[in-house]
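Residue-level listing of the chains:
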Amino acid sequence: MESLDSYRGGWIEIIAGGMFSGKSEELIRRLRRSVIARQRVQVFKPLIDDRYSTEDIVSRDDRRLKAHSVATSAELLARVEIGMQVVGIDEIQFFDAGVVDVCMQLADAGIRVIAAGLDQDYMRRPFGPMPALLAVAEDVSKMHAVCVRCRGAAHYSQRVSGGNAQVEVGDSAYEARCRACYELYKSAPAEEPAVQLTMPASA
Ligand SMILES: [Zn+2]
């Protein structure tokens, strides 16, 4: 992967994979290298993910990078400072579809864009803008977690609790599973309201 450091001008790198696959760690590793190389780096993440809202990314030489939380891809673009050389984006699957064009604009302007995100949701459906990002990126890394059942390479985020919404934030609702160990998730049926068989007597 060190050849990635030999880029000239703008391009897009996507770090994709399931939960617990080390995507964010890999993103931070690459951003730290950029900081050590004295490049100007900015980091963004979607506002929806408030789990680490105050997180600083600290580089080895103790220069701190703050991940800016932004609500939309338009806000992300507006907050990229002039002269920026590297833009990191974490949890990019949560952004709106416009983030693909934003990444293209940044790369066309000569910026190295490094983004990490879930490639599939808990139903194994491609997640949000990820299919388009994987298509337009110059470089794609697929990360794997360890399957909790068989200890093989896990490609899926198995939901093990919660409802059927695509976004269920919280690591405890998921397990890393491989293809053989993945199971279709069915949430427990919602509590049915008691059926009222008779009309209430009017007052
Ligand atoms: Zn397995």
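Report follows, based on the coordinates. What you see is a predicted model; the values in this text were computed from it and never measured. (Residues numbered from 1 in each chain as written. Predicted model: local features only at pLDDT ≥ 70, side-chain atom pairs only at ≥ 80, totals over all residues. Heavy atoms only, no water.)

Here the focus is helix H3 (residues 99-108). Taken together, the buried positions of H3 are Val99, Val100, Val102, Cys103, Leu106 and Ala107. All buried residues of H3 project into a common sector of 160° when viewed along the axis, lining one side. The secondary structure elements touched by the buried residues of H3 are strand E1 (11-17), helix H2 (73-79), strand E5 (86-89), strand E6 (112-118) and helix H4 (130-136). (Buried < 20%, exposed > 50% of the residue type's maximum accessible area, 1.4 Å probe, protein only. Helix = DSSP H or I, 4+ residues; strand = E, 2+ residues; numbered from the N terminus. Arc of directions from axis to C-beta. Contact = heavy atoms within 4.5 Å.)

One finds Leu76, Ile89 and Ile92 to be the most contacted residues of the largest nonpolar core, which totals 32 residues. Contributing elements (two or more residues each) for this core: E1, E5, H3, E6 and H4. The element contributing the most residues to this core is H3, with six residues. With sequence-adjacent residues up to four places away left out, Ile89 is seen in contact with Leu27, Phe44, Leu76, Phe95, Cys103, Val113, Ile114, Ala115 and Ala116. One finds Ile15, Leu31, Val35 and Val43 within the second-largest nonpolar core, a separate group that totals twelve residues. (Core = buried A, V, L, I, M, F, W, Y, C linked by side-chain atoms within 4.5 Å.)

Further remarks concern the pattern of salt bridges. Tallying each qualifying case throughout the model produces eleven salt bridges. Across the pair Glu13 and Arg112 runs a salt bridge whose closest N-O atoms are separated by 2.5 Å. Of this pair, Glu13 sits in strand E1 while Arg112 sits in strand E6, and the two are 99 residues apart along the sequence. Each of the two residues, Glu13 as well as Arg112, counts as buried. For Arg125, the salt bridge is made with Asp121, and the minimal N-O distance between the two is 2.7 Å. (Salt bridge = Lys/Arg side-chain N within 4 Å of Asp/Glu carboxyl O.)

Along E1, seven of the seven residues are buried, which leaves the element largely enclosed by surrounding structure. Residues Trp11, Glu13, Ile15 and Gly17 point to one face of E1 and Ile12, Ile14 and Ala16 to the other, with burial holding for every one of them. Summarising the sheet, E1 and E6 pair through seven bridges and their orientation is parallel. Looking at the pairing, Gly17 lines up with Leu118 of E6. In this sheet, strand E7 (residues 139-143) lies alongside E1 in parallel orientation, the contact comprising five bridges. Paired with Glu13 across the strands is Asp139, a residue of E7. (Pairing = 2+ DSSP bridges.)

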